[in-house]
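# Report on the structure
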Amino acid sequence: MKFETECIHAGQEPDPTTGAVMTPIYQTATYVQQGVGKHRGYEYSRTGNPTRTALEACLASLENGAYGLAFSSGMAATDAVLRLLRPGDHVLSGNDIYGGTYRLFEQVLRPYGLDFTYVDTCDPEQVRDGLRENTRMVWLETPTNPVLNISDVGSIANLLRSSENRPLLAVDNTFATPYLQKPLDLGADLVVHSTTKFLGGHSDVVGGAVIGKDMALRDRLAFLQNAVGAVPGPMDCFLVLRGIKTLPVRMDRHSENAAVVADFLTGQTFIEKVIYPFHQSHPQMETARKQMSQGGGMVSFIMRDGVEAARRFAECTRIFSLAESLGGVESLIEVPAAMTHLSTASSPIAVNPGLVRLSVGLEHVDDLVEDLARALGEVGN
Ligand SMILES: Cc1ncc(COP(=O)(O)O)c(C=O)c1O
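Quick look at the structure, then. (Residues numbered from 1 in each chain as written. Predicted model: local features only at pLDDT ≥ 70, side-chain atom pairs only at ≥ 80, totals over all residues. Heavy atoms only, no water.)

Let us look at the overall build of the chain. Counting its secondary structure elements, the chain contains 14 helices and twelve strands. Taken over C-alpha atoms, the radius of gyration comes to 21 Å for the chain, in line with the 21 Å a tight globule of 381 residues would show. The C-alpha extent of the chain, read off along each of the three principal axes, is 75 × 50 × 35 Å. Once local pairs closer than 6 in sequence are excluded, the contacts in the chain between residues at least 24 apart make up 72%. Surface exposure of the chain reaches about 15800 Å², of which carbon and sulfur atoms provide 51%. (Helix = DSSP H or I, 4+ residues; strand = E, 2+ residues; numbered from the N terminus. Rg over C-alpha atoms; globule rule 2.2 N^0.38 Å. Contact = heavy atoms within 4.5 Å. Areas by Shrake-Rupley, 256 points an atom, 1.4 Å probe, with all protein chains shown as cover.)

This is how it looks when you write it as structure tokens:
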């Protein structure tokens, strides 16, 4: 099946008892057993639920994985992946990552004995040089949140494959989605998603997922999913499944609108720098075009007059709502240093305080450009 068809059908057969075309929301905690231990594959909904099974199969299919596992949030998915490691293990991470991921690494997992260092993963040499004897995982976001840096997944996968300890390569594919980029095909071992974002697509659900190919890792991750219990409810799984059905058409429009917005912002008086992966000015544009099919829906830019201008601008837009999160049909604006990435403040990976991040939605692009133009005018006054 082609990707668009998989989005609508993968993991989703019509309901065998009623013929319902849409996957039912199996709103049940438990399942009757014919005899002790004799059941139809489901015992308890923390361990498994048919709506969740459909979502997990769909996600596996979209990322070309052998399995998918759904979690109650992107952070829960990230946490499960990190729990594959043991105290004393080292993780080499990109130095531009979602603030919540950094907080999990530094404030939750470091005290439990994992060690983290951060390098610019846009440069594979820095990854090679950063590996240690006890490095068990390399953690990448690409494009990154919020600076939209691009790391070459294939090159990093190759260098890890030939390294002595063969660390796992985990890629957070939230910003690109499998429609634009498939990290497992590029050589990654694990893909992580916040399904809250483009996969869900409507800002009405929080969820996460891990997808991979190696079944030994799947068994350990499924054990952790059940043992720790950060699972999504059936309604949440249904919402993500429903969102995924329109993922390709949404991502086409997100990318189209974002490219127009990036062009508009480029060269505006109050803007020092515009960042968009497929834009000529992006330092890793070639890598982006090699591994992504489109530039995606996120645009970031730095205001020339710094933090105060960034805050004023973000408070002046009307169609772009001032809010955290991204990837929904509606356009959002935020100031990462003061919002989503507050936990990186004063850290070595702190975000430029003048940076503004846009999640470009599916409204008419003329209205979006007009909104930004008007806000720029107000900042100038
Ligand atoms: C790139 C990225 N990864 C992970 C997360 C965490 O996901 P969630 O908010 O669903 O826990 C986010 C949230 O913004 C994100 O942007």
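The structure having been displayed, the exposition proceeds.
Strand order in this open sheet of five strands is 8-9-12-11-10, and the pairing throughout is mixed. Sheet topology places strand 8 (271–275) and strand 10 (321–322) at the edges, where each strand pairs with a single neighbour. Bridge analysis of strand 9 (residues 298–303) against strand 12 (residues 355–359) gives five bridges, and the strand direction is antiparallel. Within the sheet, the bridge partner assigned to Phe301 lies in strand 12 and is Val356. (Pairing = 2+ DSSP bridges.)

Here we come to the packing of aromatic side chains. Per the stated rule, a full pass over the model turns up six aromatic pairs. Both rings, one in Phe3 and one in Tyr179, keep their centres 5.5 Å apart while their planes meet at 35°; by these two values the pair is tilted. One end of the pair, Phe3, is in helix 1 (residues 3–9); the other, Tyr179, is in helix 7 (residues 177–180), with 176 residues separating them in the sequence. Owing to a relative accessible area of 11%, Phe3 belongs among the buried residues under this scheme. Here Tyr179 falls in the buried class, since its relative accessible area comes to 17%. One aromatic cluster is present, formed by Phe105, Phe116 and Trp139 through successive ring pairs. (Phe/Tyr/Trp six-rings, centres within 6.5 Å; stacked < 30°, edge-to-face > 60°. Buried < 20%, exposed > 50% of the residue type's maximum accessible area, 1.4 Å probe, protein only.)

Lining the immediate surroundings of the ligand are 13 residues, of which Asn145, Asp172, Ser194, Thr196 and Lys197 lie closest. Contacts to the ligand include Asp172, whose side-chain N or O atom sits 2.6 Å from a nitrogen atom. Computed on the free molecule, the ligand has an accessible area of 380 Å², of which 91% lies beneath the protein chains in the complex. Comparing atom positions with the cavity grids shows the ligand to sit within the second largest pocket. Each residue belonging to the shell around the ligand can be placed in one class, and the counts come to three nonpolar, seven polar and three charged. (Near = heavy atom within 4 Å. Polar contact = N/O pair within 3.5 Å; in protein donor to acceptor, adjacent residues only side chain to side chain. 1 Å grid on protein atoms, 1.4 Å probe; cavity = no way out; pocket = protein on both sides within 12 Å on 5 of 7 lines; lining within 4 Å. Sits in = over half its atoms within 2 Å of the grid points. Nonpolar A, V, L, I, M, F, W, Y, C, P; charged D, E, K, R; others polar.)

What follows covers unusual backbone geometry. A cis amide bond, omega -5°, links Thr142 with the succeeding residue Pro143. Here Pro143 lies in the loop between strand 4 (135–141) and helix 6 (153–161). The omega angle of the peptide bond from Asn145 to Pro146 is 10°, so this bond is cis rather than trans. Looking at where Pro146 falls in the secondary structure, it is placed in the loop between strand 4 and helix 6. For Asn64, which is not glycine, the phi dihedral falls at a positive 55°. For Asn64, the position within the fold is in the loop between helix 2 (50–62) and strand 1 (67–71). The class of Asn64 is partly exposed, set by a relative accessible area of 33%. Not every positive phi belongs to a glycine, and Ser203 is a case in point at roughly 55°. Mapping Ser203 onto the fold places it in the loop between strand 6 (190–194) and strand 7 (208–212). On the accessibility criterion, Ser203 (41% relative accessible area) is partly exposed.

Take the side chain of Gln225 next. Considering the arrangement of structural elements, one finds Gln225 in helix 9 (residues 215–228). One polar contact links Gln225 to Arg52, side chain to side chain, over a distance of 3.4 Å. Discounting residues that sit within four places of it in the chain, Gln225 has contacts with Arg52, Glu56, Leu69, Ala70, Phe71, Ala230 and Val231.

Our next topic: the pairing of strand 12. For a regular strand, the rule is simple: side chains alternate between the two faces of the sheet. The element strand 12 is extensively covered by neighbouring structure, given that five of its five residues are classed as buried. Residues Leu355, Arg357 and Ser359 point to one face of strand 12 and Val356 and Leu358 to the other, with burial holding for every one of them. Of the strand pairs in this sheet, strand 11 (residues 332–334) and strand 12 are connected by three bridges, and their pairing is antiparallel. Bridge assignment links Leu332 to a residue of strand 12, and that residue is Ser359.

The next subject is the pattern of salt bridges. Enumeration over the complete set of coordinates arrives at 14 salt bridges. Where Arg52 meets Glu56, a salt bridge forms, and the shortest distance between an N and an O atom there is 3.4 Å. Of the two residues, Arg52 and Glu56 are both situated in helix 2; the distance of four residues between them amounts to about one turn of the helix. The partner of Arg166 in a salt bridge is Asp189, and the shortest N-O contact between them spans 3.1 Å. Residue Arg166 is located in the loop between helix 6 and strand 5 (168–172), and its partner Asp189 is located in the loop between helix 8 (183–186) and strand 6; the two are separated by 23 residues in the primary sequence. Salt bridges here are not isolated pairs; linked through shared partners, they connect Glu106, Arg110, Asp115 and Arg132. (Salt bridge = Lys/Arg side-chain N within 4 Å of Asp/Glu carboxyl O.)

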